[in-house]
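Breakdown of the fold
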Amino acid sequence: KEQGKYVIKEGAARNQGLSKDDLKRIRNFTSDNPRLIYARDLFLFAYFIGGFNYKDLILLTKQDIDRGYFVRAKSEFTAKKEVHVPINLNDLQKEVLSKYKGKGKYAFDILKDNATVEDIYKEQMNGNKKLNRQFKNLANKLGLSKEELSWNVARHSFASNAVLAGGISDKAISEAMGHTNTKTTQNYIKSLFKEQSDELNKALSLDNDDE
């Protein structure tokens, strides 16, 4: 942290983003285990919204969705001003919300309307622990490493795939991720691709070991 601003250091991000092919495999995953499906659904919701963490997700309200933006829990204390992150839900996200719709003000049926700070903290810790366990189980089912499914990976995947898509401005990506300026986004993306430089060089190599 630097004077109320969160700064991403080069190489700080340890989880690499998933490819679109891997994300499609997650989307197409089916199981009779409702906990695995729940984990899959929330991971995809987080990915498409620009990278939620669990606290963001449980605090998301129906009012946030109606007004078209939310304030990331992290930015409440690290940003100099309130950061409005746009919400533009796709059909998959709408389906996820419909499946797990909250009974009161919250978008998801996780917190009660009268939840205290302590209630929120307990759910953040316990719910996150349970979901991380299912993320690992889901990764195992899909043949991914245990580190390849997490809230951070959802965020990294959004950033890297947005860049790889081309034609999307840094400003648009920055706003979608809730960054306070594009420099933070550029450093964030740079750190992701720096980690993958060896893989990139290998993919581009003209050497053929089979020859």
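Rules of the game
Residues numbered from 1 in each chain as written. Predicted model: local features only at pLDDT ≥ 70, side-chain atom pairs only at ≥ 80, totals over all residues. Heavy atoms only, no water. Core = buried A, V, L, I, M, F, W, Y, C linked by side-chain atoms within 4.5 Å. Buried < 20%, exposed > 50% of the residue type's maximum accessible area, 1.4 Å probe, protein only. Helix = DSSP H or I, 4+ residues; strand = E, 2+ residues; numbered from the N terminus. Phe/Tyr/Trp six-rings, centres within 6.5 Å; stacked < 30°, edge-to-face > 60°. Axes fitted to C-alpha atoms, helices over the stretch in contact; angles between N-to-C directions. Parallel < 35°, antiparallel > 145°, perpendicular 65-115°, else oblique. Contact = heavy atoms within 4.5 Å. Nonpolar A, V, L, I, M, F, W, Y, C, P; charged D, E, K, R; others polar.

The next point concerns the nonpolar core. In this structure, F43, F45, L57, F108 and L149 are the most contacted members of the largest nonpolar core, which totals 44 residues. Elements with a contribution of two residues or more to this core: α1 (20-28), α2 (34-48), α3 (54-59), α6 (91-99), α7 (117-142) and α8 (151-165). Considering every element that reaches this core, the biggest residue donor is α2, with nine residues.

Glancing now at the packing of aromatic side chains. To describe a pair of aromatic rings, one takes the distance between the centres and the angle between the planes. With the rule as written, the count across this model stands at eight aromatic pairs. For the pair F43 and F135, a centre-to-centre distance of 6.0 Å together with 75° between the ring planes defines the contact as edge-to-face. Pair noted here: F43 is in helix α2 and F135 is in helix α7, with a separation of 92 residues, a long-range link. In terms of burial, F43 and F135 fall into one category: buried. Cluster of aromatic residues (ring-pair linked, three or more members): F43, Y54, F135 and W151.

Two quantities define a packed helix pair, namely the angle between the helix axes and the distance between the axes. Between α2 and α7, the least distance of the axes is 9 Å, while the angle of their chain directions is 95°. With respect to α7, the axis of α2 lies roughly perpendicular. Residue-level contacts link R35, L36, Y38, A39, R40, L42 and F43 of α2 to L131, Q134, F135, N137, L138 and K141 of α7. Split into classes, the residues belonging to the contact of α2 with α7 amount to eight nonpolar, two polar and three charged.

None of this, on its own, says anything about what the molecule does.
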